[in-house]
Amino acid sequence: MTINPQRAQALFLAALEISDSVARRELLERECVNDAALRQRVEDLLAAHAAIGGFDAAPSNTAINATINTPATLNPVPWSQAATSYSKRSAKEAWDLSG
């Protein structure tokens, strides 16, 4: 059975609003009566959400430091070289189209 992503998202968000695990399970049982795939998808989303610590979880200091300490590498091409390269490529493309 194909899972409707909007339905899964709505059910996931509704389940997040319920902190009591029994009430959350009852919601899933009620809303996913004949749809085991939908229930599994929502349970997987809830488990993933719990594993990362929720929407408000801050990224780890390791991830932040890795981003900050990674230097940006830019190798700009001088405008004159870029323009010449573009002009040559355009002329070649025009030649290929006409021949």
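A short tour of the structure in this document, coming up. None of the values given here were measured: they were computed from a predicted structure.

### A word on the overall build of the protein
- Scanning the protein for helices and strands turns up 5 helices and 0 strands.
- When the helices and strands of the protein are listed from N to C terminus, the series reads α-α-α-α-α.
- The buried share of the protein, reckoned over its 99 residues, is 13%.
- The contacts of the protein with a sequence gap of at least 6 include a subset with a gap of at least 24, amounting to 52%.
- Working note: accessible area of the protein is about 8100 Å², and carbon and sulfur atoms make up 57% of it.

### Some thoughts on the pattern of salt bridges
- Under the definition given, this model contains 3 salt bridges.
- In this structure, Glu31 engages Arg7 in a salt bridge whose closest nitrogen and oxygen atoms are separated by 2.7 Å. Of this pair, Glu31 sits in helix 2 (residues 21-31) while Arg7 sits in helix 1 (residues 5-16), and the two are 24 residues apart along the sequence.
- By relative accessible area, Arg7 is classed as partly exposed at 33%.
- Across the pair Arg39 and Glu43 runs a salt bridge whose closest N-O atoms are separated by 2.8 Å.

### Focus on the packing of helix 1 against helix 3 (residues 36-52)
- With their axes 9 Å apart at the nearest point, helix 1 and helix 3 run at an angle of 50 degrees to one another. Taken together, the axis directions place helix 1 and helix 3 in an arrangement best described as oblique. Along this stretch, helix 1 crosses helix 3, giving a crossing that reads as right-handed. Every residue of helix 3 that contacts helix 1 at Arg7, Ala8, Leu11, Phe12, Ala15 and Leu16 is listed here: Leu38, Arg41, Val42, Leu45, Leu46 and His49.
- Partitioned by chemical class, the residues of the contact of helix 1 with helix 3 number 9 nonpolar, 1 polar and 2 charged.

### Digging into the nonpolar core
- Counting 10 residues, the largest nonpolar core is built from Ala8, Leu11, Phe12, Ala15, Leu27, Leu28, Cys32, Leu38, Val42 and Leu46.
- The dominant element in this core, judged by the number of residues it contributes, is helix 1, at 4 residues.
- Excluding anything up to four places from it in sequence, Leu11 contacts Leu27, Leu28, Glu31, Cys32, Leu38 and Val42.

Here is what the cut-offs are and how they apply
- Residues numbered from 1 in each chain as written.
- Predicted model: local features only at pLDDT ≥ 70, side-chain atom pairs only at ≥ 80, totals over all residues.
- Heavy atoms only, no water.
- Helix = DSSP H or I, 4+ residues; strand = E, 2+ residues; numbered from the N terminus.
- Buried < 20%, exposed > 50% of the residue type's maximum accessible area, 1.4 Å probe, protein only.
- Contact = heavy atoms within 4.5 Å.
- Areas by Shrake-Rupley, 256 points an atom, 1.4 Å probe, with all protein chains shown as cover.
- Salt bridge = Lys/Arg side-chain N within 4 Å of Asp/Glu carboxyl O.
- Axes fitted to C-alpha atoms, helices over the stretch in contact; angles between N-to-C directions.
- Parallel < 35°, antiparallel > 145°, perpendicular 65-115°, else oblique.
- Left-handed = near helix turned anticlockwise from the far one by under 90°.
- Nonpolar A, V, L, I, M, F, W, Y, C, P; charged D, E, K, R; others polar.
- Core = buried A, V, L, I, M, F, W, Y, C linked by side-chain atoms within 4.5 Å.

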